[in-house]
Amino acid sequence: MDLNLFRSVLVFLLVLMTTQTLIRSGFSRSAPGGYVNEKRVHYRMRRGTERCGGTEFSSNGSIESPKYPSTYPDSSNCIWHITNSRDAPLNVWFYGFDLECNYDWVTIYDGNSTSDNVIGRYTCDLPSCYIPSPGRSITVQFTSDSSVALRGFELFYADAYSSPTMSPSWQVCNSTQLPNTTWPGCGGTLSGSYGSIESPKFPFTYPDNVDCVWYITSTHDSGRAPLNIWFDDFDLECNYDYVTIYNGLSTSSDDMIGRYTCSRYNCFIITAGPSVTIQFTTDPSVSSRGFR
């Protein structure tokens, strides 16, 4: 056989064997700190993608902010629903975390919805840390305001059967102050053919650090008539406090109609159906009159 031909065939076979090995075993990554047990964890790497939210059904994996490690987009609202494919709790690790302090957030919920109990709410620049989860399902929500974007975050999740052994230096992630949902008039479930809601304490300045969610369903025409919305008064801290409106009874980014801030007068919003969700969020400082 010709020597050059032999070399070409040999290189082709080596490449083919390597490719098949990678396909069969997947890429593996050790936990930060260099400690890994004998159960190798196979993470799906999505570096640089613009994926914003989704549904995961696996015993281990990873998610990251859109475009990570490049700066994430402004005005993001990404929600991931993650369920362990085995009947075991999931744990979470932040390997990289750099968000605009007190304006951009990652919130983790214990369950399949943003209406479930909050495990923790995270911002600023976190060191490598972990979050123990009490259940097999978690929801991860990433929100950013309309200015100043940083590198974002990279999150890994795994259950006890496939979790890496952590370095002794790793600590539980410190959660920031959770949003207040207990103010009178802060959220609720409403039904009827018409009605009104307003920010807590309206027309006086609303509280800092609130997260109010109203679920509203029309009863007109046997619940088939779309709802329309009017802002009679609207005055929020510009680009830091928001009213977000969604089609349906969900805060999923796929159902978002619009996100509103600053000052607006006598404007209306047409929805697509008989149910809407209205969410009012404020940051930890500077309050205005609110909305009605």
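A brief structural summary. (Residues numbered from 1 in each chain as written. Predicted model: local features only at pLDDT ≥ 70, side-chain atom pairs only at ≥ 80, totals over all residues. Heavy atoms only, no water.)

Some thoughts on the overall build of the protein chain
Inference 1: Each helix and strand counted, the protein chain has one helix and 20 strands in total.
Inference 2: When each of the 292 residues of the protein chain is scored for burial, the buried share is 44%.
Inference 3: Nonlocal contacts in the protein chain, meaning residues at least 24 apart in sequence, comprise 78% of its contacts between residues at least 6 apart. (Helix = DSSP H or I, 4+ residues; strand = E, 2+ residues; numbered from the N terminus. Buried < 20%, exposed > 50% of the residue type's maximum accessible area, 1.4 Å probe, protein only. Contact = heavy atoms within 4.5 Å.)

Examining the environment of Val-118
Inference 1: Relative to the elements of secondary structure, Val-118 occurs in strand S6 (residues 118-122).
Inference 2: Since its relative accessible area comes to 33%, Val-118 is described here as partly exposed.
Inference 3: Residues Val-118 and Ile-138, 20 residues apart in the sequence, show an inter-C-alpha distance of 9.8 Å.

Regarding the state of the cysteines
In a disulfide, the sulfur atoms of two cysteines are covalently bonded to one another.
Inference 1: Tallying each qualifying case throughout the model produces five disulfides.
Inference 2: Ordinal numbering of bonded cysteines along the protein chain defines a disulfide pattern of 1-2, 3-4, 5-6, 7-8, 9-10. (Disulfide = S-S within 2.5 Å.)

Regarding the nonpolar core
Inference 1: Residues Phe-94, Val-106, Ile-108, Val-140, Phe-153 and Leu-155 are the most contacted members of the largest nonpolar core, which totals 23 residues.
Inference 2: Looking at this core, the elements with two or more residues in it are strand S3 (77-83), strand S4 (90-98), strand S5 (105-109), strand S7 (129-132), strand S8 (137-143) and strand S9 (152-159).
Inference 3: Formed by 20 residues, the second largest nonpolar core is a distinct cluster that contains Val-210, Phe-231, Val-243 and Val-276. (Core = buried A, V, L, I, M, F, W, Y, C linked by side-chain atoms within 4.5 Å.)

A short note on the sheet that holds S4
Inference 1: Within the open sheet, the five strands sit side by side as S2-S9-S4-S7-S10. Their pairing is mixed. Where the open sheet ends on each side, the last strands, each with one partner, are strand S2 (60-64) and strand S10 (171-172).
Inference 2: Note that S4 and S7 share four bridges and pair antiparallel. Looking at S7, one finds that Trp-93 is bridged to Tyr-130. (Pairing = 2+ DSSP bridges.)

What about the side chain of Asp-211?
Inference 1: With respect to the secondary-structure elements, Asp-211 resides in strand S12 (residues 211-217).
Inference 2: Buried charge Asp-211 goes without a salt bridge, the closest partner of opposite sign being Arg-121 at 5.8 Å.
Inference 3: A polar side-chain atom of Asp-211 sits 3.0 Å from a polar atom in the side chain of Gln-279. (Lys, Arg positive; Asp, Glu negative; His and termini not counted. Salt bridge = Lys/Arg side-chain N within 4 Å of Asp/Glu carboxyl O. Polar contact = N/O pair within 3.5 Å; in protein donor to acceptor, adjacent residues only side chain to side chain.)

As for unusual backbone geometry
Inference 1: Cis geometry is found at the peptide bond from Tyr-68 to Pro-69, where omega equals 5 degrees.
Inference 2: By the secondary structure assignment, Pro-69 is in the loop between S2 and S3.
Inference 3: Residue Pro-203 is bonded to the preceding Phe-202 through a cis peptide linkage, with omega at 10 degrees.
Inference 4: With a phi close to 55 degrees, Asn-209 is a non-glycine residue in the positive phi region.
Inference 5: When you line up the elements, Asn-209 lands in the loop between strand S11 (188-191) and S12.

Describing the packing of aromatic side chains
Each aromatic ring pair is specified by the distance between its two centres and by the angle formed by the two planes.
Inference 1: Tallying each qualifying case throughout the model produces 16 aromatic pairs.
Inference 2: Note on Phe-94 and Tyr-122: the rings are 5.7 Å apart at their centroids and 70 degrees apart in plane angle, and the pair reads as edge-to-face. Of this pair, Phe-94 sits in strand S4 while Tyr-122 is found in strand S6, placing the two residues 28 residues apart along the sequence. By the burial criterion, Phe-94 is buried, and Tyr-122 matches it.
Inference 3: When the centroid spacing of 6.1 Å and the interplanar angle of 65 degrees are considered together, the rings of Tyr-95 and Phe-156 count as edge-to-face. (Phe/Tyr/Trp six-rings, centres within 6.5 Å; stacked < 30°, edge-to-face > 60°.)

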